[in-house]
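# Structural overview
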Amino acid sequence: MNFNKAEFDKAFGTLEQLPISDKTEIAFSGRSNVGKSSLLNKLFNRKNLARVSSVPGKTITVNFYNVDGQRFVDLPGYGYAKISKQERDRFGRLVEGYFQTERKIGLVVQLVDMQHKPSADDYGMIAFLEQMEIPFIVVLTKADKLKKRAYEARLSEIEIELDHPKYPVIPFSAVTGQGTDEIRAIISKVFE
């Protein structure tokens, strides 16, 4: 699979607008400001295909990308407190609806900020994916922001925090590229 052949396809702001799922999709999920856009740009070798913002909660739509003929889906970030309850509810309906409308989900890339213990929302999302038996991996973003000792400590802690996970857990850095090849390899296997 050629990750360099990536282009933005469409964005949808309501559940009713989502297209029928007629092909396998790779979905990206995580808290607002966890680094989804940075991860997507690194995977696709592009600077600004997915818009990176200094303001959390900017992805307010479900964004579809065409990557070498395959479908990638960037879901709105969850857990950002500075948006209205109404907007948060809309995000919730949109994301829940995405997962519950018989989509052909090949893999969910669940992002968690490596610097911190997973949030209640992160745990909720992981539990949901396990319960629904949706294949997923956990990508620990912002790995470059930790010094060596803190990095190693967080790796040990995350093992306990995620209760010795049976799914892949991959440290990732959009700055150094750490984890990029491993994530691409796992995604590519979905389409084999």
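Refer to the structure presented above.
Residues numbered from 1 in each chain as written. Predicted model: local features only at pLDDT ≥ 70, side-chain atom pairs only at ≥ 80, totals over all residues. Heavy atoms only, no water.

## Regarding the overall build of the chain
Helix and strand counts for the chain come out as five helices and seven strands. Looking at the 192 residues of the chain, the share that counts as buried comes to 48%. Long-range contacts, defined as pairs at least 24 residues apart, comprise 75% of the intrachain contacts of the chain with a sequence gap of at least 6. Total accessible area on the chain stands at roughly 10200 Å², and carbon and sulfur atoms take up 49% of it. (Helix = DSSP H or I, 4+ residues; strand = E, 2+ residues; numbered from the N terminus. Buried < 20%, exposed > 50% of the residue type's maximum accessible area, 1.4 Å probe, protein only. Contact = heavy atoms within 4.5 Å. Areas by Shrake-Rupley, 256 points an atom, 1.4 Å probe, with all protein chains shown as cover.)

## Quick notes on the nonpolar core
Judged by nonpolar contacts, the single largest core of 30 residues is most densely connected at Tyr98, Phe99, Val108, Leu129 and Val138. When residues of this core are traced back to their parent elements, those giving at least two are β3 (62-67), α2 (85-99), β5 (105-113), α3 (120-131), β6 (136-141) and α4 (148-161). Excluding its chain neighbours within four sequence positions, the residues that come into contact with Phe99 are Leu75, Ile105, Val108, Met125, Phe128, Leu129 and Ile134. Of all hydrophobic cores here, the second largest spans 23 residues; its members include Ile26, Val109, Ile137 and Ile170. (Core = buried A, V, L, I, M, F, W, Y, C linked by side-chain atoms within 4.5 Å.)

## Digging into the pattern of salt bridges
Under the criterion given, the structure shown has nine salt bridges. Between Asp113 and Lys142 there is a salt bridge; the shortest N-O distance is 3.8 Å. Note that Asp113 is positioned in strand β5 and Lys142 in the loop between β6 and α4, a separation of 29 residues in sequence. We note a salt bridge from Glu161 to Arg154, for which the minimum N-O separation is 2.9 Å. (Salt bridge = Lys/Arg side-chain N within 4 Å of Asp/Glu carboxyl O.)

## Remarks on the sheet that holds strand β1 (residues 6-12)
The strand order across the open sheet built from seven strands is β1-β3-β4-β2-β5-β6-β7, with neighbouring strands paired in mixed fashion. Across the chains shown, the open sheet's two edge strands, defined by having one partner strand only, are β1 and β7 (169-171). This sheet shows a mean twist of 25 degrees between the axes of neighbouring strands, independent of strand direction. Direction of pairing for strand β2 (residues 25-30) relative to β5: parallel, over a ladder of six bridges. (Pairing = 2+ DSSP bridges. Axes fitted to C-alpha atoms, helices over the stretch in contact; angles between N-to-C directions.)

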